[in-house]
Amino acid sequence: MRWRGASGVDPVRALGAAVLVGLILLSLALGASSLSLHDLLLTPEGRALALESRVPRTFAALLAGAGLAVSGQVMQVLARNRFIEPMTAGAGQSAALGVLLCTVYLPAAAIGVKMGAAALAALAGSLGLMALIRPLPPTQPLLVPLVALVYGGVIGAVVTFVAYQGDMMQFLGTWLTGELSGVLRGRYELLWIAALASGVTYLIADRLSLLALGEDAARALGLNVGLVTAAAVAAVSVVTAMVVVTLGAIPFVGLVVPNLTTRLTGDNLRQALPLTALFGAVLVLAADVLGRVIRAPYEVPVATTIAVIGATAFVILLNRGRSGV
Amino acid sequence: MSRRLIALALVFALCALGYVFVDAAGPWDFILPYRLTKLAALLLVGVALAVATVMFQTITANRILTPSLMGFDALYILILTALVHSLGSAGFAGLSPALLFGLNLSAMMALGLLLFAVLLRLAGGDMVRLVLSGIVIGLLIRAATEYLQRLIDPSEFQTVQSQSFARFTQIDGTLLAISAVAVAVGVGMAWHLRHRLDVLSLGEVAATGLGEPPARLHRLSLLVICLLVASATSLAGPLASGNSGPSSFFGLIVTAFAHIVTPSHRHAILLPSAALIGGIVLVGGQFLMERLFHLSTPLTVVIELIGGAVFLYLLLKRRAA
């Protein structure tokens, strides 16, 4: 049953937003020092703590979740395949490679340079993947994620190799496992760039929906296929790179969330993207809150929690598709 | 064909000699036993994984699958983590190597058989689905393991972590002897099955027609495969770089080379050829990395790199054909 979007308050969006608000409050209230929400908002120390640590952390989770989910959906349109997402398909590993090479060869480089290196490397990685999967036959939809995962694994092996040679193994974990415990004010603002890039995809959502019909059909309808594709790949790469640089890789968000939302809204991206962003934010924030609670005062990285959820969902999706065929 | 096998044997002998004798700084009575132990471990692991992969590719009728690709290696770390979790690191350290090996071996065989049975059923003959489900379940097992590791004490976590990379530097003598026996049994069974595997590789229909019901041979072969991979992994740790992405492609490289060097469908040729190439890749690779290039990177990382590329090449070439 497909419900109508746009007009009126629809139950899914309202529920999603309510859950999100609840999670935000929880995320603000949870931390190493136990303060009530009241203290946090009304005492000066509480406010300082909130502004320095808890608000940034919450924002980081929201922005990363929304951005990753949206970039996954865009990538699925580009690849015309539901089982693919950038973080595990080479873009995430490439971004890590970019930061790593930058750190090894230009240790004094400013954060802007590292960010640029990560974004460019992610772009190159995404373009490489596109070139690889382009010739694959549409009759074999599972071939695309298979190639993508192995491609990502190969780039991941290059990352490990460079890290060993550069004696950087202990830093590798920070880029390959996303976590939010280090987020403070001044250390997450790059994620706003990711949010901006995801916003751009909303502006071209209708064009991307056309692209999903196939390149020939889209061209016949008057779409500048090359330009739209380039913009979409660039947006995906920027989002992936920013998340890797600030938090580390968080897998499967871009896979699980879009598959859920398109079940609800269909393939019209203008309707799907906001919901995708909402659910993505909910997923990452929920995983972070869970990771903070389950073994306090230690934390389980958000990427670890999401990897378990995401891989389980992936297995289910794979075999759900089968009974549907 | 037999001349090619002899050539492979010669190459392997050269690698082994180079590995043992080149670049020795120190007294021989220390270096020789140390290096011979490592050589034996490398050889055992190489042969076990090569033979297991050849059998696995025969029973699943394809050339790009390996048991490790199906998440088998990931099981090893899961079992280790579960052991540390339930016994505590002190209890874990108190286990004798032989007992630990036995526990690992039996748990891996049981879980491995279950894993393969589930996967083969899920895939229903669709090879791409089989591989993809295998990789994803591997990722799931790895993610679940990491989650468990985060839930145990940080100091106990160290115990697991030190055991979860393939390592050939600190091989226990008893462990080596036990796994040598296990691998010998596995390889012996594989050799015994060689003609029946030939028949199976003709296809299920032809095999049934020739009086070789595939289901029984599948089960028997899976048992042998689990035995071989489990003993190799218990000896040296998983051959996967373990951070992200699919696990090692070692078996894939080996069988791909075996099909190039000795293009034959007969297991009497494929099995020894793959076993020799397995030895060459591990011993020769370790020789190159350690003695010639003096790289600090573990060999497994390079194998993962090259193997992934070979996998993509084979997959895309198969499509183009």
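Bear in mind the structure is a predicted one, so any value in this text is a computation, not a measurement.

### Regarding the overall build of chain A
Argument step 1. Helix and strand counts for chain A stand at 14 helices and zero strands.
Argument step 2. Reading the helices (α) and strands (β) of chain A from amino to carboxyl end gives α-α-α-α-α-α-α-α-α-α-α-α-α-α.
Argument step 3. If one aligns the C-alpha atoms of chain A with their principal axes, the spans along those axes are about 60 × 55 × 35 Å.
Argument step 4. Within chain A, the fraction of its 325 residues that count as buried is 50%.
Argument step 5. Look at the contacts in chain A between residues 6 or more apart in sequence, and 78% of them connect residues 24 or more apart.

### Overview of the interface of chain A and chain B
Argument step 1. Facing 33 residues of chain A, the contacting portion of chain B comprises 35 residues.
Argument step 2. Only helix 6 (143–165) and helix 14 (302–324) of chain A provide two or more residues apiece to the side of chain A that touches chain B.
Argument step 3. Examining the composition of the side of chain A that touches chain B, we find that 17 residues originate from one element, helix 6 of chain A, more than from any other.
Argument step 4. A class-by-class count of the residues in the side of chain A that touches chain B yields 23 nonpolar, nine polar and one charged.

### Here we look at the nonpolar core
Soluble, globular proteins show a tendency: their nonpolar side chains are buried together.
Argument step 1. Among the nonpolar cores identified, the biggest contains 197 residues, and Ala118(A), Ile250(A), Val284(A), Ala48(B) and Val51(B) are the most heavily contacted of them.
Argument step 2. Discounting chain neighbours no more than four positions away, the residues touching Ile250(A) are Ala64(A), Leu68(A), Met87(A), Gly178(A), Val243(A), Val284(A), Val302(A), Ala303(A) and Ile306(A).

### Looking at the confidence of the model for chain B
Residues and elements named next belong to chain B.
Argument step 1. This prediction gives chain B a mean pLDDT of 81; 89% of its residues lie at or above 70.
Argument step 2. For chain B, per-element mean pLDDT is lowest for helix 6 (residues 154–162), which scores 65, and highest for helix 8 (residues 194–200), which scores 91.
Argument step 3. Here residues 240–247 is a poorly scored stretch, pLDDT under 50, and it has 34 contacts once near neighbours within four places are set aside; other chains count.
Argument step 4. Scored by ipTM, the complex comes to 0.81, with pTM at 0.82.

### Quick word on the packing of helix 4 (residues 91–105) of chain A against helix 5 (residues 111–133) of chain A
Residues and elements named next belong to chain A.
Argument step 1. Two numbers describe how helix 4 lies on helix 5: the axes approach to 7 Å, and their chain directions differ by 140°. Helix-helix and strand crossings are classified by hand; for helix 4 and helix 5 the assignment is right-handed. Contact residues: helix 4 offers Ala91, Gln93, Ser94, Ala95, Leu97, Gly98, Val99, Leu101 and Cys102, while helix 5 offers Val113, Lys114, Ala117, Ala118, Leu120, Ala121, Ala122, Ala124, Gly125 and Ser126.
Argument step 2. Counted by class, the contact of helix 4 with helix 5 contains 13 nonpolar, five polar and one charged residues.

### Quick notes on helix 5 of chain A
Residues and elements named next belong to chain A.
Argument step 1. The end-to-end C-alpha distance of helix 5 is 33 Å, a good match for the 33 Å that 23 residues give at a rise of 1.5 Å each.
Argument step 2. All of the buried residues in helix 5 are Lys114, Met115, Ala117, Ala118, Ala119, Ala121, Ala122, Leu123, Gly125, Ser126, Leu129 and Ile133.
Argument step 3. Tucked inside the fold, the buried residues of helix 5 contact helix 3 (44–79), helix 4, helix 6, helix 8 (190–203) and helix 11 (225–246).

### Regarding the environment of Leu283(A)
All names here are of chain A.
Argument step 1. Looking at the secondary structure, you find Leu283 in helix 13 (residues 269–293).
Argument step 2. Classification of Leu283 as buried rests on a count of 27 C-beta atoms within 10 Å.
Argument step 3. In this structure the C-alpha to C-alpha distance between Leu283 and Gly254, which are 29 residues apart in sequence, comes to 11 Å.
Argument step 4. Residues within four places of Leu283 in sequence aside, it is in contact with Gly65, Val253, Val257 and Ile306.

### Some thoughts on helix 11 of chain A
Argument step 1. Here helix 11 of chain A is 22 residues long and its end C-alpha atoms lie 32 Å apart, about the 32 Å a rise of 1.5 Å per residue gives.
Argument step 2. Looking one or two places after helix 11 of chain A, you find Gly248(A), whose phi comes out positive at around 105°.

### Quick look at the environment of Val236(A)
Residues and elements named next belong to chain A.
Argument step 1. Tracing the backbone shows Val236 in helix 11.
Argument step 2. With 169 residues separating them along the chain, Val236 and Gly67 place their C-alpha atoms 8.7 Å apart.
Argument step 3. Those residues in contact with Val236 that lie beyond four places of it in its chain are Ser71, Val74, Met75, Pro86, Ala91 and Ser126.

### Here's the deal with the environment of Ile155(A)
Argument step 1. Here Ile155(A) lies in helix 6.
Argument step 2. When neighbours within four sequence positions are excluded, Ile155(A) is seen to be in contact with Gly90(A), Gln93(A), Ser94(A), Leu97(A) and Gly125(A).

### Considering the packing of helix 4 of chain A against helix 11 of chain A
All names here are of chain A.
Argument step 1. The interhelical angle for the contact between helix 4 and helix 11, taken along N-to-C directions, is 55°, at an axis separation of 9 Å. Considered as vectors, helix 4 and helix 11 are oriented oblique to each other. Helix-helix and strand crossings are classified by hand; for helix 4 and helix 11 the assignment is right-handed. Across the interface between the two elements, Ala91, Gly92, Ala95, Ala96 and Val99 from helix 4 touch Val236, Ser237, Thr240, Ala241, Val244 and Val245 from helix 11.
Argument step 2. Classifying every residue of the contact of helix 4 with helix 11 by side-chain character gives eight nonpolar, three polar and no charged.

Calculation rules
Residues numbered from 1 in each chain as written. Chains lettered and ligands numbered in written order. Predicted model: local features only at pLDDT ≥ 70, side-chain atom pairs only at ≥ 80, totals over all residues. Helix = DSSP H or I, 4+ residues; strand = E, 2+ residues; numbered from the N terminus. Buried ≥ 20, exposed ≤ 12 C-beta atoms within 10 Å, placed from the backbone. Contact = placed C-beta atoms within 7 Å. Nonpolar A, V, L, I, M, F, W, Y, C, P; charged D, E, K, R; others polar. Core = buried A, V, L, I, M, F, W, Y, C linked by C-beta atoms within 7 Å. pLDDT = per-residue confidence, 0-100. Axes fitted to C-alpha atoms, helices over the stretch in contact; angles between N-to-C directions. Left-handed = near helix turned anticlockwise from the far one by under 90°. Expected span 1.5 Å × (residues − 1). Parallel < 35°, antiparallel > 145°, perpendicular 65-115°, else oblique.

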